Protein chains: 2
Amino acid sequence: MAGETKQSIDNEAQIRELIDTLLAAVSAKDIEASLAMYSPDIVSYDVIGPLQNNGATTIRKRLNEWFSSFNGHIEFEFRDPQITVGENVAFCNGLHHVKGKMTDGKELEMWWRTTLCLCKVDGKWTIKHSHDSVPFDPATGAASLALKP
Amino acid sequence: MAGETKQSIDNEAQIRELIDTLLAAVSAKDIEASLAMYSPDIVSYDVIGPLQNNGATTIRKRLNEWFSSFNGHIEFEFRDPQITVGENVAFCNGLHHVKGKMTDGKELEMWWRTTLCLCKVDGKWTIKHSHDSVPFDPATGAASLALKP
């Protein structure tokens, strides 16, 4: 957008670093380190209901439940994130891949779509809006939980 | 982000106009007018599969099928879109509401989440990435198609 200016290269590098930090934090099930990437007033659309979640406190609750459902660490990947940066607004989309052993003994493996919308305030990027989902099959009404890229 | 500068006010007004144009185009089932809002290289995540769609030609195919499934016009609403604008990059999220009579005689009414990510190139905003979805219920694996805000 802004061309390959030094600023856009720096912004993209900062967002890649944020993503790497978030992936490491989720893998380690570190709630505080994960939450540090989100704006307090984030609006998030999650893979499971409700329709929307307002504020980082709902992210905290959700991460807490999600992390607790895994036995040990989580293999968490962001496949080929596409990052588009402006001066103070950016977005990033790609596919998340999760693998791990659940506390009920089952293995979870799943791919889903993720969109992160970010703002830079006082020199720091945070996630202001996130959208995570799987599509559904209109023939059955079931969520398509076993799709692979 | 950029504060209430003239540019950010102008950019927000341009994006509101794009959204209004898109809503009118979808309501009227006008494929060309809808497609004019999208970047040719758009990556879109749709409410139904596959995981991702690349390029505006897949949007054309999908709109064609979707529009054909309605008998008459579509009531199409974007409830309270939240717009965040930068100089050349912006995003917008909110809830879509659709109501209409299908060709099989059934009434469709549904709410879903939408995120539009936009870029301004040569003075014109287009949608470069879109993400539309409903959440699913982890207890049943069913898509939650009857949620209301």
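What counts, and at which threshold
Residues numbered from 1 in each chain as written. Chains lettered and ligands numbered in written order. Predicted model: local features only at pLDDT ≥ 70, side-chain atom pairs only at ≥ 80, totals over all residues. Helix = DSSP H or I, 4+ residues; strand = E, 2+ residues; numbered from the N terminus. Rg over C-alpha atoms; globule rule 2.2 N^0.38 Å. Buried ≥ 20, exposed ≤ 12 C-beta atoms within 10 Å, placed from the backbone. Contact = placed C-beta atoms within 7 Å. Nonpolar A, V, L, I, M, F, W, Y, C, P; charged D, E, K, R; others polar. Expected span 1.5 Å × (residues − 1). Pairing = 2+ DSSP bridges. Axes fitted to C-alpha atoms, helices over the stretch in contact; angles between N-to-C directions. Core = buried A, V, L, I, M, F, W, Y, C linked by C-beta atoms within 7 Å. Least-squares fit on C-alpha atoms with pLDDT ≥ 70 in both.

**Student:** Help me understand the overall build of chain A in this model?
**Tutor:** For chain A, the helix and strand inventory stands at three helices and eight strands. When the helices and strands of chain A are placed in sequence order, the string is α-α-β-β-α-β-β-β-β-β-β. Relative to the globule expectation of 15 Å for 149 residues, the C-alpha radius of gyration of chain A, 16 Å, shows essentially globular dimensions. For chain A, the C-alpha atoms occupy an extent of roughly 50 × 35 × 25 Å along the three principal directions. In chain A, buried positions account for 29% of the 149 residues. In chain A, 52% of the contacts between residues at least 6 apart in sequence involve partners at least 24 apart.

**Student:** Where do I start with the interface of chain B and chain A in this structure?
**Tutor:** It is common to give the size of an interface as the accessible area that goes away when the parts come together. Counting residues at the interface gives 43 residues for chain B and 43 residues for chain A. If you list the elements that add at least two residues to the side of chain B that touches chain A, you get β1 (38-45), β3 (75-85), β4 (89-101), β5 (107-121), β6 (124-133), β7 (136-137) and β8 (142-143) of chain B. Residue composition of the side of chain B that touches chain A, by class: 25 nonpolar, 13 polar and five charged.

**Student:** Just checking my understanding: could you explain helix α3 (residues 56-68) of chain B for this structure?
**Tutor:** Working note: α-helix, 3.6 residues per turn, so residues spaced by three or four point in the same direction. Counted at 1.5 Å a residue, the expected span for α3 of chain B with its 13 residues is 18 Å, and the 18 Å between its end C-alpha atoms agrees. For α3 of chain B, the elements touching its buried residues are α2 (31-35), β1 and β2 (53-54) of chain B.

**Student:** In this structure, what is going on with the sheet that holds strand β4 (residues 89-101) of chain A? I would like to understand it.
**Tutor:** Within a sheet, neighbouring strands are paired by backbone hydrogen bonds and run either parallel or antiparallel to one another. All names here are of chain A. The mixed open sheet is built from six strands, whose spatial order is β2-β1-β6-β5-β4-β3. Taken across any chain shown, the strands that pair with only one partner, and hence form the sheet edges, are β2 (53-54) and β3 (75-85). Pairing of β3 with β4, which is carried by nine bridges, proceeds in the antiparallel orientation. Bridge pairing links glutamate 77 to histidine 97 in β4. The strands that helix α1 (residues 6-27) touches are β3, β4, β5 (107-121) and β6 (124-133); relative to β3, the one it contacts most, it runs at about 160°. Together, β1 (38-45) and β2 form the strand contacts of helix α3 (residues 56-68), whose direction differs from that of β1 by roughly 65°.

**Student:** I'm lost on the nonpolar core in this one. Help?
**Tutor:** Note on soluble globular proteins: their nonpolar side chains tend to be buried together. Grouped together as the largest cluster of nonpolar side chains are 42 residues, with contacts concentrated most on Ala90, Phe91 and Leu118 of chain A together with Ala90, Phe91 and Leu118 of chain B. Once you skip the residues sitting within four places of it in the chain, alanine 90 of chain A turns out to touch Asn11, Ile15, Ile83, Thr84, Val85 and Leu118 of chain A together with Val89 of chain B. Judged by nonpolar contacts, the second largest core, of ten residues, contains Val47 of chain A together with Trp112, Val134 and Phe136 of chain B.

**Student:** Is there a simple way to think about the relation of the copies chain B and chain A in this case?
**Tutor:** Note: a rotation about an axis with an accompanying shift along it relates these two copies of the chain. Rotating chain B by 180° about the axis while translating it 0.0 Å along that axis superimposes it on chain A, leaving an RMSD of 0.0 Å. Here the copies are linked by what is in effect a two-fold axis. No C-alpha of chain B approaches the rotation axis more nearly than that of alanine 142 of chain B, which lies at 2.1 Å. Same-surface contact between copies: 100% of interface residues of chain B are shared with the interface of chain A.

**Student:** How should the pairing of β5 of chain A be read in this particular structure?
**Tutor:** Within a regular strand, the side chains alternate between the two sheet faces. All names here are of chain A. Relative to β5, β4 runs antiparallel, the two being bridged by 13 bridges. Of the residues in β5, the one forming a bridge with leucine 95 is arginine 113. Summarising the sheet, β5 and β6 pair through nine bridges and their orientation is antiparallel. Residue pairing for β6: valine 121 is matched across the bridge by lysine 124. Hairpin remark: β5 followed by β6, antiparallel, with two residues in the connecting loop; positive phi at aspartate 122, about 50°.

**Student:** How should I be thinking about the environment of serine 68 of chain B in this particular structure?
**Tutor:** With respect to the helices, strands and loops of the structure, serine 68 of chain B is situated in helix α3. Linking serine 68 of chain B and aspartate 10 of chain B, residues 58 residues apart in sequence, is a C-alpha distance of 36 Å.

**Student:** Mind showing me how you'd approach the sheet that holds β6 of chain B here?
**Tutor:** Residue and element names in this part refer to chain B. Spatial ordering of the open sheet is given by β2-β1-β6-β5-β4-β3, a layout of six strands whose pairing is mixed. Looking at which strands have only one partner, the edges of the open sheet turn out to be β2 and β3. The sheet contacts of helix α1 (residues 6-27) involve β3, β4, β5 and β6, and relative to β3 the element is tilted by about 160°.

**Student:** Honestly, the pairing of β4 of chain A in this entry has me stumped. Any pointers?
**Tutor:** Counted along the chain from β3 of chain A to the antiparallel partner β4 of chain A, the turn is three residues long. Adjacent in sequence and paired antiparallel, β4 of chain A and β5 of chain A are bridged by five residues, among which glycine 105 of chain A carries a positive phi angle near 95°.

Everything listed here is a matter of coordinates, which is why it stays silent on function.
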